[in-house]
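# Fold and geometry: a report
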Amino acid sequence: MNVRAQINFWMSLKQSNYDKLAKEMTKITGKKYTRGSINAKLYRDTLSVNEFELIAHILGYKFDFKDL
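### Structural notes on the pattern of salt bridges
What the rule picks out here adds up to two salt bridges. Between arginine 35 and aspartate 19 there is a salt bridge whose closest N-O contact spans 3.3 Å. On the criterion of sequence distance, the pair formed by arginine 35 in helix H3 (residues 35–44) and aspartate 19 in helix H2 (residues 18–29) is long-range, its members being 16 residues apart. Note on arginine 35: relative accessible area 47%, which makes it partly exposed. Residue aspartate 19 is classed as partly exposed on the basis of its relative accessible area, which comes to 48%. Taking the shortest distance from any N to any O, the salt bridge between lysine 41 and glutamate 51 comes out at 3.0 Å. Of this pair, lysine 41 sits in helix H3 while glutamate 51 sits in helix H4 (residues 49–58), and the two are 10 residues apart along the sequence. For lysine 41, a relative accessible area of 16% corresponds to the buried category.

Here is what the cut-offs are and how they apply
Residues numbered from 1 in each chain as written. Predicted model: local features only at pLDDT ≥ 70, side-chain atom pairs only at ≥ 80, totals over all residues. Heavy atoms only, no water. Salt bridge = Lys/Arg side-chain N within 4 Å of Asp/Glu carboxyl O. Helix = DSSP H or I, 4+ residues; strand = E, 2+ residues; numbered from the N terminus. Buried < 20%, exposed > 50% of the residue type's maximum accessible area, 1.4 Å probe, protein only.

This is how it looks when you write it as structure tokens:
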């Protein structure tokens, strides 16, 4: 599953959408996010790890690296 599909899956489980996500990301970071800017980052594969972790946190998930 790619990052975009994972985020879409989480949002569907939490009955959320990109507008709500963008508003919360802007509120937490102080950086302006929009539905379009998030979609563009996902489409271009330029979403940072920090942004992915933030999205996971907002949607109630934890992203964790573990040794194999």
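Still more to cover.
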